[in-house]
Amino acid sequence: MSRLITVSNRVGIPTTGAGRAGGLEAALREALEADGGIWFGWSGEVAETRSEAPAILKKGKVTFATVDLSRADYEDYYLGYANSTLWPLLHYQLGLIEFHRKQFRGYMSVNAYLAQMLAPLVEPDDLIWVHDYHLIPLAAELRKLGIKNRIGFFLHTPFPPTDIMVALPHHDMMMRALCAYDLVGLQTENGVRAFLDYIAREANGRLEFDGSLSAYDRLTRVVCFPIGIDTEGFAKSAVRAVRSVEAKRLKASIDQRLLIVGVDRMDYSKGVRTRFEVIDDLLSEWPEMAAKFTYLQITPPSRSDVVPYQTLRREVEHAAGHVNGKYSDIDWAPIRFVVKAVSRSALAGIYRSSRVGLVTPWRDGMNLVAKEYVASQDPDDPGVLVLSRFAGAAVELKTAILVNPLDPGEIGSAIHQALLMPVDERRERWQAMMEVLRANTIDDWTANFLKALKATRPLD
Ligand code: GDG
């Protein structure tokens, strides 16, 4: 029986009870528990020097193996190349990309180091599943060390079109590194098409009759696996959560008003800045909507050591204050802006209590908030999802109101439509989305990826 080794930038060590884990973390842990396995990655600690060997923690059939990184690694690999070069590139934000050779070298060096730390833990039959853009070169580095196991990679972000990809200095190296995997999983068919287009135009590779991709003197597979959520679990916890203290506090505080909710990490790709302009447009176009709704935006801080994230925080705080200053009355303010994380169960209750879920990223690999919002709704009186057409989730959630996230006027009209939408139409739209979410859960996603990885041929 093959063991599973998952590798991700941060490791989901169960510290505070299983109930706290997010859907992805819980699903990966479950997959590891099934046949036993290892979860390997950075500990999240920045130490004077890198660890000489992984710290090992065993819980049941799962081993958590983590290493510390140095301050230079944190700056060059994590803040630098991963989050200031690759993240904006993968979200089509060419104007925000920074590129420094020192950071690129740091990124390559951390990947080589992680491969050295991981290689001794690998047994011949293990399946290795690597996650996300921090770790693109890991398979190539493991191959250099003689690891012949089947290695899969899943990219949680979008995969951009060729004309954007080639803006990355060393794009050829990154693509060659991706093709060192036996299986590359992407969120959407659009991403798969972009990958194949790059390989055909820039790498002189081709798609073989059996569906594998021949490039850089080897074969790989590139397949779309849209990530899902624990649909029924979320639905159940939303039912419980509306009875929680937090949900009751929220309900009492908004009075009879309709709630609009947005939940996003503080990240420019999520389109949070535009949303305050949306509320401004909405209230100037339909002044009679004043005091009829409350817009609650929950935005946990994220990557606050990266300069564009600091700028974003200042700008959004300013924008929220500006709109509130313009429209508030003594007993009502249009916006509640919460810059901190709330508990997972409170989140489910908040989703369920709100008439509109506002999810308008400029670009997003999938966007789990959109799916969680739908799963949390009351079947008899569901809320309406207003969703960016540029989120991966828009491919599946076709009966949301789809909007262009760059057009505040269009989003404002969509909210207006959602606030006034009759219950029959809300139910119809919700049922169609819920069917999709039941047919593709996080467990299906894990099982589908692992099945496809097992079906690839190990190296001789
Ligand atoms: C990446 C890709 C892709 C948010 N605020 C709180 C909180 N959250 C949880 C949400 C959701 C998760 O964080 C965010 O997931 P998203 O999918 O929306 O976005 P990213 O973090 O950017 O994730 C994305 C995803 O990977 C999976 O492949 O969909 O495209 O960018 O689960 O509920 N959770 C709690 N408190 C908060 O305040 N507890």
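Residues numbered from 1 in each chain as written. Predicted model: local features only at pLDDT ≥ 70, side-chain atom pairs only at ≥ 80, totals over all residues. Heavy atoms only, no water.

> How would you summarise a negative patch on the surface if you had to cite specific residues and measurements?
A grouping of Glu 30, Glu 33, Asp 230 and Asp 443 is seen on the molecular surface, where their side chains present a negatively charged patch. Here Asp 443 shows up in helix H16 (residues 442-454). Residue Asp 443 is classed as partly exposed on the basis of its relative accessible area, which comes to 41%. (Patch = residues over 30% accessible without salt bridge, like charges linked within 9 Å, V, L, I, M, F, W, Y side chains within 5 Å. Areas by Shrake-Rupley, 256 points an atom, 1.4 Å probe, with all protein chains shown as cover. Salt bridge = Lys/Arg side-chain N within 4 Å of Asp/Glu carboxyl O. Lys, Arg positive; Asp, Glu negative; His and termini not counted. Charge placed at Lys NZ, Arg CZ, Asp CG, Glu CD. Helix = DSSP H or I, 4+ residues; strand = E, 2+ residues; numbered from the N terminus. Buried < 20%, exposed > 50% of the residue type's maximum accessible area, 1.4 Å probe, protein only.)

> Please set out the pairing of strand E1 (residues 4-10) residue by residue, giving values where relevant.
Burial analysis of E1 places six of its seven residues in the buried class, the great majority of the element. Note that E1 and strand E5 (residues 127-131) share four bridges and pair parallel. The residue of E5 that forms the bridge with Ile 5 is Ile 128. Bridge count between E1 and strand E2 (residues 37-47): six bridges; the pairing is parallel. The residue of E2 that forms the bridge with Ile 5 is Ile 38. (Pairing = 2+ DSSP bridges.)

> Quick rundown of the domain arrangement of the protein chain? Include the residues and the values.
By domain assignment, the protein chain separates into domain 1 (4-228 + 442-454) and domain 2 (232-439). Contacts between the two partners involve 25 residues from domain 1, matched on the other side by 21 residues from domain 2. Buried surface at the junction of domain 1 and domain 2, summed over both partners, amounts to about 1,700 Å²; 62% is from carbon and sulfur atoms. Across the domain 1-domain 2 interface, the total number found is zero salt bridges. (Domains from an automatic or database assignment. Contact = heavy atoms within 4.5 Å. Buried area = accessible area lost by both parts, 1.4 Å probe.)

> Provide a residue-level description of the nonpolar core, including the pertinent values.
Within the largest apolar cluster, 101 residues are counted, with the highest numbers of intra-cluster contacts made by Leu 138, Phe 195, Ile 199 and Phe 293. For this core, the element with the highest residue contribution is helix H2 (residues 71-90), accounting for 10 residues. Of the domains in this structure, domain 1 (4-228 + 442-454) and domain 2 (232-439) are the two that each give at least three residues to this core. Residues Phe 64, Ile 298, Tyr 351 and Val 374 belong to the second largest nonpolar core, which totals 53 residues. (Core = buried A, V, L, I, M, F, W, Y, C linked by side-chain atoms within 4.5 Å.)

> Could you give an account of the environment of Ser 51, with specific residues and numbers?
Position of Ser 51 among the secondary structure elements: in the loop between E2 and strand E3 (55-59). Considered as a pair, Ser 51 and His 131 are 80 residues apart in the sequence and their alpha carbons are 21 Å apart. From its side chain, Ser 51 meets the backbone nitrogen of Asp 68 in a polar contact 2.7 Å long. (Polar contact = N/O pair within 3.5 Å; in protein donor to acceptor, adjacent residues only side chain to side chain.)

> Explain the sheet that holds strand E6 (residues 150-154) residue by residue, including any values.
Spatially, the 10 strands line up as an open sheet ordered E3-E4-E2-E1-E5-E6-E7-E10-E9-E8, and their pairing is mixed. Unpaired on one side and paired on the other, E3 and strand E8 (206-207) mark the two borders of the sheet. As paired strands, E6 and strand E7 (residues 183-186) are joined by three bridges and run parallel to one another. In the sheet register, Gly 152 faces E7, and the bridge partner there is Leu 183.

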